[in-house]
Amino acid sequence: MTARTLKYSINSTLINTIAFSGIVILVILTVFIIKEATPALTNVGAELFTSVYWYPTNSYDPEFGLLAMLIGSLYITGLTSLFVLPLGYIIAFFLFEYASPTEVRVIKSAIDLLSGVPSVIIGAFMLVYVAPLTFKFGIYTPENILIASLGLTILSLPYTASLMQEAMQSVDRSLKEGALALGSTRFTAGFKVVSRAAISGILNAVILTVNRIIGETMVVLMVAGGAAIIPRSLFDPAKPLTATIASEMGEVAQGSVHYSVLFFCGLILLIFSFLLTITARVIITKNKHV
Amino acid sequence: MVETTKEPVIQVKDFSGFYGEKVGVKDITVGFEKNKITAIIGPSGCGKSTLLRSINRMNDEIPIYKTQGKILFEGQNVYSKEINLTHFRKKVGMVFQRPTPFPMSIYENIAFGPKLHGTKKKTDLDEIVENSLRQASLFNEVKDDLKKSAWGLSGGQQQRLCIARALAVDPEVILLDEPTSALDPIATKHIENLVEELVSTYTIIIVTHNLAQAVRISDYMVYMFQGDLVEYGQTSAIVKQPADPRTEEYLTGKVS
Ligand SMILES: Nc1ncnc2c1ncn2[C@@H]1O[C@H](COP(=O)(O)OP(=O)(O)O)[C@@H](O)[C@H]1O
Ligand SMILES: [Mg+2]
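Residues numbered from 1 in each chain as written. Chains lettered and ligands numbered in written order. Predicted model: local features only at pLDDT ≥ 70, side-chain atom pairs only at ≥ 80, totals over all residues. Heavy atoms only, no water.

### A look at the site of ligand 1
Residue and element names in this part refer to chain B.
And then number 1: Neighbouring ligand 1 are Tyr19, Lys22, Ser44, Gly45, Cys46, Gly47, Lys48, Ser49, Thr50 and Ile62.
And then number 2: Take Tyr19: an N or O atom from its side chain is 3.5 Å from a nitrogen atom of ligand 1.
And then number 3: Taking Thr50, its side chain carries an N or O atom lying 2.4 Å from an oxygen atom of ligand 1.
And then number 4: Within the complex, 67% of the 560 Å² of free accessible area of ligand 1 lies under protein.
And then number 5: Counting residues per element, the shell around ligand 1 draws most heavily on helix α1 (residues 48–55), at three residues.
And then number 6: Across the shell around ligand 1, the residue classes break down as three nonpolar, five polar and two charged. (Near = heavy atom within 4 Å. Polar contact = N/O pair within 3.5 Å; in protein donor to acceptor, adjacent residues only side chain to side chain. Areas by Shrake-Rupley, 256 points an atom, 1.4 Å probe, with all protein chains shown as cover. Helix = DSSP H or I, 4+ residues; strand = E, 2+ residues; numbered from the N terminus. Nonpolar A, V, L, I, M, F, W, Y, C, P; charged D, E, K, R; others polar.)

In structure tokens form, the structure reads like this:
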């Protein structure tokens, strides 16, 4: 065995080991979460999904209804997606179709910088500067769904925009030129031809973004208000699943029902993420040949 | 130079194109005759594509590209501020080296251009689609699959689809940039025959790396070398007796 083949076989063994341990860790983690979450189902049962009351520490009659949190998570994720997906596409489209090379460079570096800002900083910024403004509009609580969604928008916009821009950029340039050669405007070429050719990448960006929003914890913990109620409007506070886990896991007695219900929240998030990832895979395979 | 009495459809005048500091083509003056096939030939990197892509201003897509001089189409400088690119490109179509079918059905590919230029009625579009596909001698092969994705066609079919797509907007000139270099010999022959049929209706300018192809199909020939136009004339005349030693070297295969 020469030195080179030895090096090669060591390298490939190393890579295989690392990849394999990744899978093992994932499986262990999933099994662990399912194991810890199962008592919630046996002890609380359907109430998890039907009750809106979350009184996990009431010693006489604890209630473990997750409905309010589940709706809070979906509401915030939905609203944020409504902001961030169109905005991300518009930015990506502008970068791809209209920006000069210098503009692209400047905007891309701004995006890269912004995507490096820790979420706790964005949370603090929203809390200190933006949330107080809501009083001016007669909204009763400064920490609410709208503020949380705006914070999440700032957090995920760079990610969404660059993913979508990469998707459009990866389309062969000749396709755009083909459309221009027929007399179409840049807008039509970008919108009808390039976006369509990039559709699987764009949808993938959509799904990754939604996945990221639904799992985000810090911003919602800081500015969503933390009230486990069913929101009636976007000015109501909410307590998403992630924030619930983060704020209560530290104080809960290990092995208690409350503990197990928190793991159940985690399981719900895991299932969402799993479903979104599967959807992304399906879309990509389906669109290989449009 | 070959003197012709007719006004050429496209007249290039003292035209130069630069990629930043680098010369793409320089001081080109040449006219392209109506209802003729003109082949642009020369070694790789000599500026063939640059010249062709300057005619319909496709090189505007390259940010560092700058031009000097004029290119006249129907007497109007295509680089003037008044030109409406949408209308102009409707009249001067282009087919690229690699086929560029859009990610949509065969029907939609052909209907894309006419819709862009205002044709709305379904019956009109149906007619245009069928006629264009017939002109590109593709109709019989795809008539039952019009709703299927154009990406499912073979390379040669895709290229004929792109020709049909260009024809669908009723152009006067068709620019082809090495349209057969990605195709097998049979598909190539097919395209060559097609181009020879189309020339009775359209003015054709074709860039080719394939000298034999240029000799087979073209009426006129432009020989370029390192950004210069070295020789222009009737293909038969150039092949028989090139005026410039550089052309002769190319024709005899010393340069390629
Ligand atoms: N996008 C570009 N940027 C910089 N230089 C280019 C670009 N495209 C072509 N060139 C240069 O311009 C010259 C002519 O190229 P081109 O017109 O593509 O040649 P041909 O089509 O005859 O092979 C070459 O030297 C080439 O390197
Ligand atoms: Mg070329």
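The rest of the description comes next.
### Considering the domain arrangement of chain A
Residues and elements named next belong to chain A.
And then number 1: Under the domain assignment, chain A is made up of domain 1 (3–43) and domain 2 (67–287).
And then number 2: The C-alpha centroid of domain 2 is placed 28 Å from the C-alpha centroid of domain 1.
And then number 3: Counting residues at the interface gives ten residues for domain 1, matched by eight residues for domain 2.
And then number 4: Here domain 1 and domain 2 share an interface that buries about 790 Å² over both sides, 81% of which is from carbon and sulfur atoms.
And then number 5: Three residues stand out in domain 1 for area buried against domain 2, namely Ile33, Glu36 and Ala40, and they jointly supply 52% of the buried area on that side. (Domains from an automatic or database assignment. Contact = heavy atoms within 4.5 Å. Buried area = accessible area lost by both parts, 1.4 Å probe.)

### Notes on the pairing of strand β1 (residues 10–19) of chain B
The side chains of a regular strand alternate between the sheet's two faces.
All names here are of chain B.
And then number 1: Judged from the seven bridges that link them, β1 and strand β2 (residues 22–32) form a sheet pairing that is antiparallel. Among the inter-strand pairings, Gly17 is bridged to a residue of β2, identified as Val25.
And then number 2: Connecting the antiparallel pair β1 and β2 is a turn made up of two residues, with Gly20 showing a positive phi of about 60°. (Pairing = 2+ DSSP bridges.)

### Re the environment of Pro231 of chain A
Residue and element names in this part refer to chain A.
And then number 1: You can see Pro231 is positioned in the loop between α11 (218–223) and α12 (241–248).
And then number 2: Along the chain, Pro231 and Ala167 lie 64 residues apart, while their C-alpha atoms are 36 Å from each other.
And then number 3: Here Pro231 is in contact with Ile71, Tyr75, Ile145 and Asp236, once residues within four sequence places are set aside.

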